[in-house]
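Listed here are the chains, written in short residue letters.
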Amino acid sequence: MDEIWGQACIKLEKSVGPNNFNHWIKPLRLTALEEGVARFSSPTRFISDWVSRHFADDIMGELSRHGQHIERLRFEVIPQEGNQSRPANEKNGSRPATAKEARDVADAGRPELGAPLDPRFTFGNFVVGKPNELAHAAARRVSEGGPVGFNPLFLYGGVGLGKTHLMHAIAHDYQQHDPSARVLYLSAEQFMYRFVQALRESTIMDFKGMFRNVNMLMVDDVQFIAGKDSTQEEFFHTFNALVDQGKQIVISADRTPAEIKGLEERIKSRLSCGLIVDLHPTTYELRLGILQAKTEVFRHQQPDLQIGNGVLEFLANRITTNVRVLEGALQRLFAHASLLRREITLEVAQECLTDILRTNDRKISIDDIQRKVAEHYNIRLADMMGPKRARNVARPRQIAMYLSKQLTNRSLPEIGRRFGGRDHTTIMHGVRKIEELAGEDLGLAEDIALLRRQLEA
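Residues numbered from 1 in each chain as written. Predicted model: local features only at pLDDT ≥ 70, side-chain atom pairs only at ≥ 80, totals over all residues. Heavy atoms only, no water.

## Concerning the UniProt feature "binding site: ATP" (unreviewed entry) in the chain
Inclusion rule: UniProt positions are given in the numbering used here, feature names are shortened, and annotations may be inferred rather than shown by experiment. Each helix is a run of DSSP H or I of at least 4 residues and each strand a run of E of at least 2, with the numbering of both proceeding from the N terminus. By definition in these notes, contact holds between two residues if any of their heavy atoms fall within 4.5 Å. Pairs of N or O atoms within 3.5 Å make up the polar contacts considered here, provided that, within protein, one atom can donate a hydrogen while the other can accept it, and that residues adjacent in sequence are counted only when both atoms are side-chain atoms.
As recorded in UniProt, the feature "binding site: ATP" (unreviewed entry) lies at Gly 160, Gly 162, Lys 163 and Thr 164. Mapped onto the fold, Gly 160 is located in the loop between β4 (153–156) and α7 (163–177). When sequence neighbours within four positions are dropped, the list of residues in contact with Gly 160 reads Asn 322, Val 323 and Arg 324. With respect to the secondary-structure elements, Lys 163 resides in helix α7. Among residues more than four places away in sequence, those in contact with Lys 163 are Leu 155, Tyr 156, Gly 157, Gly 158, Ser 252, Ala 253 and Leu 279. A polar contact of 3.0 Å, which involves the side chain of Lys 163, links it to the backbone oxygen of Gly 157.

## As for helix α4 (residues 56–65)
Short version of the rule: A simple rule labels every residue: compare its accessible area, found with a 1.4 Å probe on the protein chains alone, to the largest value its type can have, and call it buried under 20%, exposed over 50%, or partly exposed in between. Note that the arc is defined by the directions from the helix axis to the C-beta atoms.
Inspection of α4 places Ala 56, Ile 59, Met 60, Glu 62 and Leu 63 among the buried residues, and these make up the whole buried set. With its buried residues spanning 165 degrees around the axis, α4 presents them on a single face. Every exposed residue of α4 that faces more than 90 degrees away from the buried side is listed here: Asp 57 and Arg 65. Looking at the buried residues of α4, the elements they touch are α1 (2–16), β1 (29–34), β2 (37–42), α3 (45–54) and β3 (72–77). Positive phi appears at Gly 67, one or two residues downstream of α4, with a value of about 85 degrees.

## Regarding the nonpolar core
For clarity, the threshold we go by: Buried residues of nine kinds, namely Ala, Val, Leu, Ile, Met, Phe, Trp, Tyr and Cys, make up a nonpolar core once their side-chain atoms join them within 4.5 Å.
In this structure, Phe 154, Leu 217, Val 219, Val 222, Phe 235 and Ile 251 are the most contacted members of the largest nonpolar core, which totals 28 residues. The set of elements that each furnish at least two residues to this core consists of β4, β5 (183–187), α8 (188–200), α9 (204–212), β6 (216–220), α10 (229–244), β7 (248–253) and α11 (265–271). When neighbours within four sequence positions are excluded, Val 219 is seen to be in contact with Met 167, Leu 186, Ser 187, Ala 188, Phe 235, Val 250, Ile 251 and Ser 252.

## A look at the sheet that holds β6
In plain terms, the rule: Criterion used throughout: strands pair if DSSP finds at least two bridges between them. An axis is simply a line fitted to the C-alpha atoms; with a helix, the fit covers only the stretch in contact. Between two such axes, the angle follows the N-to-C directions and lies from 0 to 180 degrees.
Spatial ordering of the open sheet is given by β5-β6-β7-β4-β8, a layout of five strands whose pairing is parallel. Only two strands of the sheet have a single partner each, and these edge strands are β5 and β8 (275–278). Geometrically, the sheet is characterised by an average inter-axis angle of 15 degrees between neighbouring strands, direction not taken into account. Bridge count between β5 and β6: five bridges; the pairing is parallel. Bridging across to β6, Leu 184 finds its partner in Leu 217. Sitting on the sheet, α7 touches β4, β5, β6 and β7, and the angle it makes with β6 is about 165 degrees. α8 contacts β5 and β6 of the sheet and is inclined by roughly 95 degrees relative to β5.

## Re the UniProt feature "domain: Chromosomal replication initiator DnaA C-terminal" (unreviewed entry) in the chain
Residues annotated in UniProt with the feature "domain: Chromosomal replication initiator DnaA C-terminal" (unreviewed entry) correspond here to residues 365–434. In residues 365–434, helix accounts for 67% and strand for 0%; the two terminal C-alpha atoms are 19 Å from one another.

## Regarding the pattern of salt bridges
So the rule is basically this: Every case where a carboxyl oxygen of Asp or Glu lies within 4 Å of a side-chain nitrogen of Lys or Arg is listed as a salt bridge.
Considering all chains together, one arrives at 20 salt bridges under this definition. One salt bridge in this structure joins Arg 418 and Asp 367, with 2.6 Å as the shortest N-O distance. A residue pair is termed long-range when its members are at least 10 positions apart, and Arg 418 in helix α19 (residues 412–418) and Asp 367 in helix α17 (residues 366–377) qualify at 51 residues. Note on Arg 418: relative accessible area 36%, which makes it partly exposed.

## With respect to the environment of Thr 238
Looking at the element boundaries, Thr 238 is found in helix α10. For Thr 238, a relative accessible area of 0% gives the class buried. Between the alpha carbons of Thr 238 and Gly 209 there is a distance of 9.7 Å; along the sequence they are 29 residues apart. Not counting chain neighbours up to four residues away, the residues in contact with Thr 238 comprise Phe 191, Phe 211, Arg 212 and Leu 217.

Here's what the structure looks like:
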């Protein structure tokens, strides 16, 4: 019987895929074949139910191909311990399991909750510059394990600034330092989906056990649980349970906890207890460094790559939206050069990237305006979106609102959303206020003119 199940497992791994096989089918033990029924032991009812709904036909088909007439499956929940969790075709008396294998065995009875880690996102290929050096240093410290001194680590910033890259890099390094550690990385949406699924299937205790039995929990884009009361409740209790056990938590969002509208105050308070780090928009120097690093990697793959002088500098100057767009543009040039066997000259880059360059052709963004105004008045960029009403913050914020209305084609509601979810009437009031003051205050008018020249340069 073990031989039949072992042969069936080999075929099943190919047909359902390694991930599905390892997380759902591998934990099962075939215990009996009789009267058209295949009986299995399973470590949890959750796995039994999932296999019944999604893989029963595959299993019955493979067993039938080995001469067994199987009409249905039956499961008995028997928690597996120690070497009982080994695959059916593994022989007794083999070598002791390594730390990583021990972790895999422990995880075998758990559904695949998290998202897969991207092997490209490591510290080795993360380009460090002034805008991200603090976030990088904090991420490095967390990845080393041991007492950190801050929990959670909260990373925030706009799209394409490297939050997800740093989170994956932390997970990779953390597991290298401790191969037996269990790291769970997922998006806030996945957390919410798994929670709702557990409620619907009455497996909430399994859910709690799986999420609270990790060494590190990493939740990306936590702003998506805002306004979801039940999900926030479970997230709060999971957070507390892990912190109480001394387990590390890493969170990312597009803004600070205090600025996430719809997030419960107790969660904001908890998230604010750790280290909150801002990933600032990229500078020209950082963008150029990223392009140079990517080019070196591609040269190893294609040694005959020829790229003309000034091309990378041109891209770093013209594509300023975010790193993903920048990397996508460079990848398109590499593909163009590889397929057509042409040198990447400035003219080729302009021709190949016409659409991207047109989109980024000195279109002034609200992010640009907020950053420039914050620098000019020496205030934190986060204050632009925050609730502070002190004059030294409120006036620059209104100037940024005014310039956003003058220099972009965004509607008032859109501008309001970029300023911390403010109502369009608030933006309208700020614009009118600056218009009035600029006619009376020569210094203010000169400041606005200077900022406008800098932004349009």
